[in-house]
Amino acid sequence: MADTFDELGPVDWLVVEFPGPNFGNGQIAPFLEDLVQRDLIRVLDMVFLRKTEDGTLETAEISDLDPSELGEVRTAEADLAMVLSEQDVMDLAETIAPGHSAAVLVWENQWAAPFGTAVRKAGGQLVASGRIPTQAVIAAFQADADAEAEPSEEAKEGA
C-alpha cells in the first residue's frame, strides 16, 4: 500500500466478462503486468468469477488459478489489499451472464497520487468524478470526422 493514506492515488474498479470459462487465455495479463511494473497502477484486489450455465457462481483468487490463465500477474498476489467484501463480490457477480467468466480488478492510479496529495495538502477535496465510456469518446470523434468530411452549406451553394 501507499506509505500513508494521504499519498494514496484514486482507486478504480472494473469487471471484465469473457465468454466461456477462461479469463482471456493469458492475453491480458502481460498488459496489466506492464502497468504494474511501470508504477502506473497498483493492484489492490483481484477476484475471478465463473458462472455455470445453470447460474452457479464459482469464485477464485489468484492462487487458485492455473498460471497459464494469468501469466505474470500472479506476482501481484502478495501486494493485494483485499478491499472487496464478500457482498461486493456477490453484487458484481450479478452482472455476469451464465456460462461466462469474469475478472474483478480494483487498482490504485499511482500516476495520479502526487497530484491528489498536492490537492489534499492545499485543502482541496474531490467533490465530483466520473468516467466517459470509451465507446462514447469514439462515437464523438467519429461524428466530428464525419462532420468535417461533409461539404459545408456554402461549398454546396457555390458548386
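Structure shown above.
First, a word on what this report is: a plain description of the structure on this page. (Residues numbered from 1 in each chain as written. Predicted model: local features only at pLDDT ≥ 70, side-chain atom pairs only at ≥ 80, totals over all residues. Heavy atoms only, no water.)

Counting its secondary structure elements, the protein contains 6 helices and 4 strands. The N-to-C order of helical and strand elements in the protein reads β-α-β-β-α-α-β-α-α-α. Across the protein, the fraction of contacts at a sequence separation of at least 24, relative to all contacts at a separation of at least 6, is 77%. About 10,600 Å² of surface is accessible on the protein, with carbon and sulfur atoms providing 56% of the total. (Helix = DSSP H or I, 4+ residues; strand = E, 2+ residues; numbered from the N terminus. Contact = heavy atoms within 4.5 Å. Areas by Shrake-Rupley, 256 points an atom, 1.4 Å probe, with all protein chains shown as cover.)

Attention now goes to unusual backbone geometry. We note that Asp 39 has phi near 60°; this positive angle belongs to a residue other than glycine. Its location among the elements puts Asp 39 in the loop between α1 (29-37) and β2 (41-51).

Right, let's get into the layout of surface pockets. In this structure, the largest pocket spans a volume of roughly 450 Å³. Along its surface, the largest pocket is lined by 18 residues, and Gly 9, Pro 10, Gly 116, Leu 126 and Ser 129 are the ones closest to its centre. When contributions to the lining of the largest pocket are tallied by element, the ones reaching two or more residues are β1 (11-19) and α4 (113-121). For the lining of the largest pocket, the element with the highest residue contribution is α4, accounting for 4 residues. Counted by class, the lining of the largest pocket contains 8 nonpolar, 7 polar and 3 charged residues. (1 Å grid on protein atoms, 1.4 Å probe; cavity = no way out; pocket = protein on both sides within 12 Å on 5 of 7 lines; lining within 4 Å. Points joined across faces, edges and corners; volume = space filled by probe spheres on them. Nonpolar A, V, L, I, M, F, W, Y, C, P; charged D, E, K, R; others polar.)

If you walk across this open sheet you meet the 4 strands as β1-β4-β2-β3, and the pairing is antiparallel. Across the chains shown, the open sheet's two edge strands, defined by having one partner strand only, are β1 and β3 (57-60). Within the sheet, the average angular offset between the axes of one strand and its neighbour, ignoring direction, is 20°. Sheet topology places β2 next to β3; 4 bridges connect them, and they run antiparallel. Residue Arg 50 lies in a different strand from β3, and its bridge partner there is Glu 58. In the packing of α1 onto the sheet, contacts are made with β2 and β4 (100-109), and the angle to β2 comes to roughly 160°. (Pairing = 2+ DSSP bridges. Axes fitted to C-alpha atoms, helices over the stretch in contact; angles between N-to-C directions.)

With that settled, the discussion passes to the side chain of Asn 109. Mapped onto the secondary structure, Asn 109 falls in strand β4. The exposure class of Asn 109 is buried, given its relative accessible area of 8%. Once you skip the residues sitting within four places of it in the chain, Asn 109 turns out to touch Gly 9, Pro 10, Val 11, Asp 12, Leu 40 and Ile 41. (Buried < 20%, exposed > 50% of the residue type's maximum accessible area, 1.4 Å probe, protein only.)

A word on the nonpolar core. For soluble globular proteins, the rule of thumb is that nonpolar side chains tend to be buried together. One finds Phe 18, Phe 23, Leu 32, Ile 41, Val 43, Met 46, Phe 48, Ala 60, Ile 62, Ala 103, Leu 105 and Trp 107 forming the largest nonpolar core, which totals 12 residues. Broken down by secondary-structure element, the contributors of at least two residues to this core are β2 and β4. Leu 49, Leu 92, Val 104 and Val 106 belong to the second largest nonpolar core, which has 11 residues in total. (Core = buried A, V, L, I, M, F, W, Y, C linked by side-chain atoms within 4.5 Å.)

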